[in-house]
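These are the residues of each chain, in order.
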Amino acid sequence: MKTETTTTNLVAPVGMHDVLYPHSVRWEQVIATFANLVERAGFGLVISPLLEDIAVFNRGIGSESDVVRKEMYELSDRGGRHLALRPEGTASIVRAFVQHRPNIVWKAWYLTPAFRYERPQAGRYRQHHQLGVELLGTHDPEADIEIISLAGSFYRSLGIKKVKLSINSMGDSQCRPSYIELLKNLLSERKEQLCKEHEHRVELNPLRILDCKREECIQATADLPHLIDHLCSDCASHFATVQEGLADLGFEAEVNHRLVRGLDYYTRTTFEFSALMLQSAQNAIGGGGRYDGLVEALGGPPTPGIGFGIGIERLLLAADEEGVLPLPESSTDVFVIDIVGGHRARTLVHELRTHGIRAIRSFDNRSLKAQLKLANRSGARFALIVGPDEDRAEAVTIKALREDESQVSIKASLVTDYMKGLLG
Ligand code: HAM
């Protein structure tokens, strides 16, 4: 076990990142756009603990999935409870549903950090952040259409256009078992052609092999039958309705037979949005699907569900590639320069902010020159100077910083209204 570091340079853990201003402003924009969109569709924010009993993920996500087997952050608390940091949001939301039994249809949205002990690289982190929705309590394919189109609308509303939607059906407990048997039989004859990791997993999780990105597995599975050709009639008609509905709303969805997804709770519809401008290993900017057995697996009554999760970091990488969501020029309108000290500047800043103007000030009684430098660096459009002359005349000097650098003196009592006019 690696113990506490003794170096003096403490840094964030490997694969985890700080988001500082002004980059954090883009996060605020993304989160606000998402909240606005999903709340218009009737989803309510749910906040739940970051730590869960480890059984929530073992039973919910599946103990054979990579996320649980290899990537989960596990810990014991001082009372000896076996807990885990959540690797995703869905299992926790479903645990909360089972615990509180809200009325169905239940529509929840969330923003959560997610922890996965992966090999860090561009677009793949050990702590990432997801925006997601979960809709519980209906089998209706209209719910699938609503969920998928909501994610698609979100990308559009951010201006991210180069996005591909892939879709598949995982079948259900009626049709999937016989397909899995068929896969096992076919794959056991070609075990030696599979990659090192998967040659031993034919019996345990043959579907996962379809998702393997290694060339050996892709070749060895190229001619395998597709699950969508083995669906029962209910699953087949559900899938057809979802595809029709999406097309109807103008969302083009391409069927991808390999889209089995990394979490084992999925039934019927699965989908993924990939950014065409990003490298294929990290281009999934969102994904989800139906999980009609998950509520029961976590001890609740049979209740179908569907949802998606969108990774904020990857979304921003895609936005960078498309040149949308630029960093803000400035977060301040006005910089108050105080050369006299005391109540004048204090009152002025307070009043400006009360009237909705973004105002900051300097501290520590610096020289006019030093404060002007700070004002220019702040990105503010105007400096408001309170010096000895202004103090005597009960006035304030307003100096334009970005345009012609003109200045004008205004009675202190009129400054707020004057600035409101100037800033529009
Ligand atoms: P997921 O596909 O594992 O699904 O993750 C959702 C999204 O989170 C991915 O599409 C990607 O954008 C982002 N993501 C995942 N892992 C990482 C990582 N290591 N670094 C950066 N970003 C990452 C789920 O988590 C499901 N809970 C989605 C869902 C909701 N299914 C039904 N409801």
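Conventions we followed
- Residues take numbers from 1 onward in each chain, read along the sequence in its written order.
- Given that the model is predicted, a residue must reach a pLDDT of at least 70 before its local features are reported, and side-chain atom pairs must reach 80 or more before they are shown or counted; all residues, however, enter totals for whole chains, interfaces and linings.
- Note: side-chain values were computed over all heavy atoms of the structure, leaving out hydrogens and water.
- Put simply, a residue is near a molecule or strand once any heavy atom of it comes within 4 Å of that molecule or strand.
- Counting of polar contacts relies on pairs of N or O atoms within 3.5 Å, with two restrictions inside protein: one atom must be capable of donating a hydrogen and the other of accepting it, and residues adjacent in sequence are counted only when both atoms are side-chain atoms.
- All accessible areas in this document rest on Shrake-Rupley with a 1.4 Å probe, and a residue is counted as covered only by the protein chains that are shown.
- For the purposes of this entry, the term helix denotes a DSSP run of H or I that reaches at least four residues, the term strand denotes a run of E that reaches at least two, and both are numbered from the N terminus.
- Here the term charged refers only to Asp, Glu, Lys and Arg, the term nonpolar to Ala, Val, Leu, Ile, Met, Phe, Trp, Tyr, Cys and Pro, and the term polar to all other amino acids, Gly among them.
- Contacts are assigned to residue pairs with any non-hydrogen atoms lying within 4.5 Å of each other.
- Axes here refer to lines fitted to C-alpha atoms; in helices the fit is confined to the stretch in contact. Angles between the N-to-C directions go from 0 to 180 degrees.
- Any angle that falls under 35 degrees is termed roughly parallel, while one over 145 is termed roughly antiparallel, one within 65 to 115 roughly perpendicular, and all others oblique.
- Whether a crossing is left-handed or right-handed is set by the direction in which the near helix is turned from the far one by less than a right angle, anticlockwise for left-handed and clockwise for right-handed.
- Where each domain begins and ends is defined by an automated method or by a domain database.
- Any helix carries an expected span of 1.5 Å times its number of residues minus one.
- Each residue is placed in one exposure class: buried if its accessible area under a 1.4 Å probe, protein chains only, is under 20% of its type's maximum, exposed if it is over 50%, and partly exposed if it falls in between.
- At least two DSSP bridges between two strands are required for those strands to pair.
- In these notes, a set of buried Ala, Val, Leu, Ile, Met, Phe, Trp, Tyr and Cys residues joined through side-chain atoms within 4.5 Å is what counts as a nonpolar core.
- Here, patches come from residues exposed beyond 30% relative accessible area and free of salt bridges, joined within 9 Å for like charges and within 5 Å for nonpolar side chains (Val, Leu, Ile, Met, Phe, Trp, Tyr).
- The term salt bridge refers to a pairing of a side-chain nitrogen on Lys or Arg with a carboxyl oxygen on Asp or Glu at a separation within 4 Å.
- Here a pair means two rings of Phe, Tyr or Trp (six-membered ring of Trp) with centres within 6.5 Å. Their orientation is stacked below 30 degrees between planes, edge-to-face above 60, and tilted elsewhere.
- Put plainly, a pocket is an open set of points on a 1 Å grid over the protein atoms alone with protein on both sides within 12 Å along at least five of seven lines, a cavity is a set where a 1.4 Å probe fits but cannot get out, and a lining residue has an atom within 4 Å of a point.
- Grid points are joined across faces, edges and corners, and a volume is the space filled by probe spheres set on the points.

> Which parts of the structure should I look at to understand the site of the ligand?
Neighbouring the ligand are 27 residues, the closest being Glu 88, Thr 90, Glu 118, Tyr 266 and Ala 284. Interatomic distance of 2.9 Å between a backbone N/O atom of Ala 284 and an oxygen atom of the ligand. A distance of 3.2 Å separates an oxygen atom of the ligand from a polar backbone atom of Gly 311. If the ligand stood free it would expose 660 Å²; the protein chains cover 96% of that surface. For the shell around the ligand, the secondary structure elements donating two or more residues are strand 6 (127–136), strand 10 (284–290) and strand 11 (305–311). Here the element with the most residues in the shell around the ligand is strand 10; it accounts for six residues. By residue class, the composition of the shell around the ligand is nine nonpolar, eleven polar and seven charged.

> Looking at this structure, I do not really get the environment of Tyr 125. What am I missing?
Inspection of the secondary structure assignment puts Tyr 125 in the loop between strand 5 (106–115) and strand 6. Considering only alpha carbons, one finds Tyr 125 and Gly 341, 216 residues apart in sequence, at a separation of 48 Å. Setting aside its immediate chain neighbours within four residues, Tyr 125 contacts Gly 15, His 17, Arg 116, Glu 118, Glu 313 and Leu 317. Here Gly 123 takes part through its backbone nitrogen, which lies 3.2 Å from a polar atom of the side chain of Tyr 125.

> I tried to follow the packing of helix 5 (residues 141–158) against helix 9 (residues 233–248) on my own but got confused; where do I start?
Two quantities define a packed helix pair, namely the angle between the helix axes and the distance between the axes. Running from N to C, helix 5 and helix 9 cross one another at 40°; their axes reach a closest spacing of 9 Å. As summarised for this structure, helix 5 and helix 9 are arranged oblique, according to the angle between their axes. Seen along the crossing, helix 5 lies across helix 9 with a hand that is right-handed. Of the residues in helix 9, those in contact with Pro 141, Asp 144, Ile 145, Ile 148 and Ser 149 of helix 5 are His 238, Thr 241, Val 242, Gly 245 and Leu 246. In terms of residue class, the contact of helix 5 with helix 9 is made up of five nonpolar, four polar and one charged.

> Explain the domain arrangement of the protein chain to me, please; I cannot follow it from the model alone.
Accessible area lost upon the coming together of the parts serves often as the stated size of an interface. When its domains are assigned, the protein chain resolves into domain 1 (23–175 + 231–322) and domain 2 (334–423). Here the C-alpha centre of domain 2 lies 48 Å away from the C-alpha centre of domain 1.

> What should I look at first to understand helix 9 in this one?
Every α-helical turn comprises 3.6 residues, leaving residues that sit three or four positions apart pointing alike. Compared with the 22 Å implied by 1.5 Å per residue over 16 residues, the 22 Å span of helix 9 between its first and last C-alpha is a close match. Along its buried surface, helix 9 packs onto helix 5, strand 7 (163–169), strand 8 (253–255), strand 9 (267–275) and strand 10. Trailing helix 9 by a residue or two, Gly 250 shows a phi angle of about 85°, which is positive.

> What should I look at first to understand the pairing of strand 10 in this one?
Regular strands show a simple pattern: their side chains alternate between the two faces of the sheet. Among the seven residues in strand 10, six count as buried, and that is most of the element. Across six bridges, the pairing between strand 9 and strand 10 is antiparallel. Residue pairing in the sheet places Phe 273 in a bridge with Gly 286 of strand 10.

> Please explain the nonpolar core as it appears in this structure.
Across soluble globular proteins, nonpolar side chains show a tendency to be buried alongside one another. By size, the foremost hydrophobic cluster in this structure holds 87 residues, and its most contacted members are Phe 34, Phe 154 and Phe 308. Here this core gets nine residues from one element, more than from any other, and that element is helix 5. In contact with Phe 34, not counting residues within four places along its chain, are Trp 109, Leu 131, Gly 132, Val 133, Phe 154, Phe 308 and Ile 310. In terms of nonpolar packing, the next biggest core, distinct from the first, is built from 17 residues, Val 334, Leu 348, Ala 359 and Ile 398 among them.

> Would you mind going over the sheet that holds strand 1 (residues 44–45) with me for this structure?
Backbone-to-backbone hydrogen bonds join strands into a sheet, with any given pair of strands oriented parallel or antiparallel. One open sheet accounts for eight strands, arranged 1-5-6-11-10-9-7-8; its pairing is mixed. The open sheet has two free edges, formed respectively by strand 1 and strand 8, since each of these has just one partner strand. Across the face of the sheet, helix 5 comes into contact with strand 5, strand 6, strand 7, strand 9, strand 10 and strand 11 while running at roughly 15° to strand 11. The strands touched by helix 9 are strand 7, strand 8, strand 9 and strand 10; relative to strand 7, the strand with the most contacts, the crossing angle is about 165°.

> Would you explain a nonpolar patch on the surface in this entry?
Where nonpolar side chains cluster on the molecular surface, the patch consists of Val 408, Tyr 418 and Leu 422 and spans about 210 Å² of accessible area. Here Leu 422 lies in helix 15 (residues 415–423).

> For this particular structure, what's the right way to read the packing of aromatic side chains?
Each pair of aromatic rings is reported with the distance of its centres and the angle of its planes. Per the counting criterion, the structure on display carries eleven aromatic pairs. Ring geometry for Phe 34 versus Phe 154: centroids 5.0 Å apart, planes at 80°, classification edge-to-face. Of the two residues, Phe 34 sits in helix 1 (residues 23–40) while Phe 154 sits in helix 5, which places them 120 residues apart along the sequence. Given a relative accessible area of 0%, Phe 34 falls into the buried group. On the accessibility criterion, Phe 154 (0% relative accessible area) is buried.

> Would you explain the pairing of strand 15 (residues 395–400) in this entry?
Among the six residues of strand 15, six are classified as buried, and the element is accordingly described as predominantly covered. Residues Ala 395, Thr 397 and Lys 399 of strand 15 are buried on one face, and the alternating residues Val 396, Ile 398 and Ala 400, pointing to the opposite face, are buried as well. Examined bridge by bridge, strand 14 (residues 382–386) and strand 15 share four bridges and lie antiparallel to one another. Residue Leu 384 lies in a different strand from strand 15, and its bridge partner there is Ile 398. In this structure, strand 15 lies alongside strand 16 (residues 407–411), joined through five bridges in antiparallel fashion. The residue bridging Lys 399 from the neighbouring strand is Gln 407, located in strand 16. Between strand 15 and the antiparallel strand that follows it, strand 16, lie six residues; Glu 405 among them carries a positive phi value of about 60°.

> Is there a simple way to think about the layout of surface pockets in this case?
Over the atoms, a rolled probe matching the size of one water molecule traces out where space is still vacant. Taken as a whole, the second largest pocket encloses approximately 380 Å³ of empty space. For the second largest pocket, the lining is made up of 15 residues, of which His 17, Asp 18, Val 19, Trp 27 and Glu 313 are closest to its centre. When residues of the lining of the second largest pocket are traced back to their parent elements, those giving at least two are helix 1, strand 6 and helix 11 (312–322). The leading source of residues in the lining of the second largest pocket is helix 11, at four residues. Classifying every residue of the lining of the second largest pocket by side-chain character gives seven nonpolar, four polar and four charged.

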